[in-house]
Amino acid sequence: MKNIPVILLGCGGVGRHLLQHIVSCRSLHAKLGVRLRVVGISDSKSLLLASDLFTRELEDTFLNEVSRVKLGGSSLKTLSSFVNECQIFTNLEATRTVVDVATRLSKSTGLVVVDCSASSETMGVLNQVVDLGCCVVLANKKPLTAEMEDYDKLVAHPRHIRVGAGLPVIASLNRILSSGDPIHRIIACLSGTLGYVMSEVEGGKPFSQVVKDAKNLGYTEPDPRDDLSGMDVARKALILSRLLGRRVNLDSLKIESLYPEEMGPNMMSLEDFLSCGLLLLDNDIQERVQKASLEGKVVRYVCVIEGPRTEIGLREVPKDSPLGRLRGSNNILAIYSRCYNEQPLVIEGAGAGNDTTAAGVLADILDIQDLFA
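Residues numbered from 1 in each chain as written. Predicted model: local features only at pLDDT ≥ 70, side-chain atom pairs only at ≥ 80, totals over all residues. Heavy atoms only, no water.

Undergrad: An account of the overall build of the protein chain is needed here, citing residue identities and associated values.
TA: Along the backbone of the protein chain there are 14 helices and 13 strands. Relative to a compact globule of 373 residues, whose C-alpha radius of gyration would be 21 Å, the protein chain shows 22 Å and is just as compact. In terms of its C-alpha atoms, the protein chain occupies a principal-axis envelope of roughly 65 × 50 × 40 Å. For the protein chain, the proportion of its 373 residues judged to be buried stands at 52%. Pairs at least 24 apart in sequence give 69% of the contacts found in the protein chain among residues at least 6 apart. When the accessible surface of the protein chain is totalled, it reaches about 17100 Å², and 50% of it is carbon and sulfur. Computed over 41 positive and 45 negative side-chain charges, the inter-centroid distance for the protein chain is 5 Å. (Helix = DSSP H or I, 4+ residues; strand = E, 2+ residues; numbered from the N terminus. Rg over C-alpha atoms; globule rule 2.2 N^0.38 Å. Buried < 20%, exposed > 50% of the residue type's maximum accessible area, 1.4 Å probe, protein only. Contact = heavy atoms within 4.5 Å. Areas by Shrake-Rupley, 256 points an atom, 1.4 Å probe, with all protein chains shown as cover. Lys, Arg positive; Asp, Glu negative; His and termini not counted. Charge placed at Lys NZ, Arg CZ, Asp CG, Glu CD.)

Next up, the structure:
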C-alpha cells in the first residue's frame, strides 16, 4: 500500500469538496493500493498539522468536521479543541512550517502540496517545496499566471507539477504535444458564466436582465464585473498559451471587457452598476447579436490562441460550429493541430463547479502516485 502524505492549502469550496472526495473514495483507493494521508490543512488564518507527520494523519472524522466548519464559513481556528488530533499554527507561521514539513518528508515519504486557495501568495511556498523534490497539484490558477520568472521556477520540475481542472484539458494538450503533433490554434469558451449570459442573450433577453438573473442564480461572482471583465478567462488562456510554449505575461494579452472603464469598481458602486450601468450596455450587445444572426452566426465570449497572439473577447462564430452550438454554462475548447486540422479535437463539459474541479484535483494527485514508493 502506497501511503502518500498530502497538505491542503485552502479549504474553501474546492478544498472542502476535495476532502469529501478523499474520504468517500477510501475503499476505491484501497483497491488501487493507495492511501492519501492528509497530514495538514490550511485556510487564510491557520494551519493544522497531524500530531506526528510520519505515523499519524488527520482522521476522516476530523476531515468531515473540517468540511462542516468551512461550509459554515468559520475559520479552522474554531477546531482548536482538537488539540490531541493536530498541531495548530497561525497564518504567519504557515509558510515556514509547510517548508519545514516538506524538508523533513522529502527525504523519506515524499509529500504532495495541493493548492486549492485563490491566493497569489502561495507562489513562494510552492517554489520552495518543488525545489525540495515534493509534488504540487494546483486548482489555483494564480501561481501559473505569475510573471514568467516565477512561472519558470515553478515548472522547472514538470514531473512534479499537475494542474487540476474540471475538464481534462491540460492532459489532452500534453498528450498531443508529446506525440509531436504541433497545435496551431485553440478557440475556446472558458467561462461558464459568460457562456450562459451570451446564450441567453441570443434567445432575445436583454443583456442587463440576463446578468442579473445569472447573479441571482449564483452563476456570477458577488460583483458580476469580476466575470464581465474577462480576467478569469484571460488567466486560463495564459496558462494554455504558456503550455504551448508562448512566453507571455497577463498584461501582454488583448482582453475585451464587457463594460467600459468608467463603470469599473473604482469608478462606480456595485449598486449603481446593477441598477443603471448594465442598462447602458444592452443596445450595443443586442446590435452585435442581431448583426451576427443575419450572417448565420452567434456571439460568444472566447479566447483565441493562434500563432503569437492570444486574444480574449466577443467573437462571431458560425451557428453550426462547436462553439456556436454551445448552450448554458458549459465550457468548450476546439483544438486544431496537424492531425486535428479539418475536424478539431473538441472538449466540452462542466468546466466550473467546486465538485467537478475537486474531482479533477483528486485524479491529478493519483496520477503522480508512481513518484512515491
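And the narrative resumes.
Undergrad: How would you sum up the nonpolar core? Please name residues and give values.
TA: If you look at the biggest cluster of nonpolar residues, it comprises 114 residues, and the most contacted ones within it are Ile41, Val114 and Phe207. Excluding residues within four positions of it along the chain, Phe207 makes contact with Val197, Val201, Leu228, Leu258, Leu278, Leu281, Asp282 and Ile285. In terms of nonpolar packing, the next biggest core, distinct from the first, is built from eleven residues, Val302, Val304, Ile332 and Ala334 among them. (Core = buried A, V, L, I, M, F, W, Y, C linked by side-chain atoms within 4.5 Å.)

Undergrad: How would you sum up the pattern of salt bridges? Please name residues and give values.
TA: Here the structure, examined in full by the defined rule, presents 20 salt bridges. Here Glu65 ties to Arg68 by a salt bridge, and the two come within 2.5 Å at their closest N and O atoms. Separated by three residues within a single helix, Glu65 and Arg68 lie in helix α3 (residues 60–71), roughly one turn from each other. Notably, a salt bridge pairs Arg247 with Asp152, separated by 2.7 Å at the nearest N-O pair. Remark: Asp152 occurs in helix α6 (residues 148–154) and Arg247 occurs in the loop between α11 (231–243) and β9 (254–255); sequence separation between them is 95 residues. (Salt bridge = Lys/Arg side-chain N within 4 Å of Asp/Glu carboxyl O.)

Undergrad: Lay out helix α5 (residues 123–131) with the relevant residues and their values.
TA: If you check which residues of α5 are buried, you get Met123, Val125, Leu126, Asn127, Val129 and Val130. Once α5 ends, the next one or two residues include Gly133, with phi positive near 95°.

Undergrad: Got a sec to walk through the environment of Lys291? Specific residues and values, please.
TA: Its place among the elements puts Lys291 in helix α13 (residues 282–294). Sequence separation between Lys291 and Arg246 is 45 residues, and the spatial gap between their C-alpha atoms is 34 Å.

Undergrad: Which residues make up the packing of aromatic side chains, and what values go with them?
TA: Considering all chains together, one arrives at two aromatic pairs under this definition. Judged by centre distance (4.9 Å) and plane angle (80°), the ring pair of Tyr196 and Tyr219 falls under edge-to-face. Here Tyr196, found in helix α8 (residues 192–202), pairs with Tyr219, found in the loop between α9 (207–216) and α10 (225–228); they are 23 residues apart in sequence, far enough to count as distant. An angle of 70° between the planes, with centres 5.9 Å apart, marks the rings of Tyr259 and Phe273 as edge-to-face. Residue Tyr259 is located in the loop between β9 and α12 (270–277), and its partner Phe273 is located in helix α12; the two are separated by 14 residues in the primary sequence. (Phe/Tyr/Trp six-rings, centres within 6.5 Å; stacked < 30°, edge-to-face > 60°.)

Undergrad: Can you tell me about the sheet that holds strand β12 (residues 331–337), naming the residues and giving the values?
TA: Spatially, β9-β11-β10-β8-β12-β13 is the arrangement adopted by the six strands of the open sheet, whose pairing is mixed. Both outer strands of the open sheet, β9 and β13 (345–349), are each paired with one neighbouring strand and no more. As paired elements, strand β8 (residues 183–189) and β12 share six bridges and run antiparallel to each other. Across the sheet, Cys189 pairs through a bridge with Ile332, a residue of β12. Relative to the sheet, α11 contacts β9, β10 (297–306), β11 (309–318) and β12, its axis offset from that of β10 by approximately 40°. (Pairing = 2+ DSSP bridges. Axes fitted to C-alpha atoms, helices over the stretch in contact; angles between N-to-C directions.)

Undergrad: Which residues make up the sheet that holds strand β2 (residues 34–42), and what are the values?
TA: Within the open sheet, the seven strands sit side by side as β4-β3-β2-β1-β5-β6-β7. Their pairing is mixed. Taken across any chain shown, the strands that pair with only one partner, and hence form the sheet edges, are β4 (86–90) and β7 (161–163). Geometrically, the sheet is characterised by an average inter-axis angle of 25° between neighbouring strands, direction not taken into account. When strand β6 (residues 135–138) meets β7, the two strands line up parallel, connected through three bridges. Following the sheet pairing, Val137 is matched in β7 by Arg162.

Undergrad: Let's hear about the side chain of His21: which residues, and what values?
TA: The topology assignment puts His21 in helix α1 (residues 13–24). Residues within four places of His21 in sequence aside, it is in contact with Asp355, Ala358, Ala359 and Leu362.

Undergrad: Can you break down the pairing of β10 residue by residue, with the values?
TA: Here is the key point about a regular strand: its side chains alternate between the two faces of the sheet. Of all ten residues that make up β10, eight are buried, and the element is covered over most of its length. Bridging between β8 and β10 involves four bridges; their strand directions are antiparallel. Bridged to Ile186 within β10 is Ile305. Judged from the ten bridges that link them, β10 and β11 form a sheet pairing that is antiparallel. Note on β11: the bridge partner recorded for Lys297 is Pro318.

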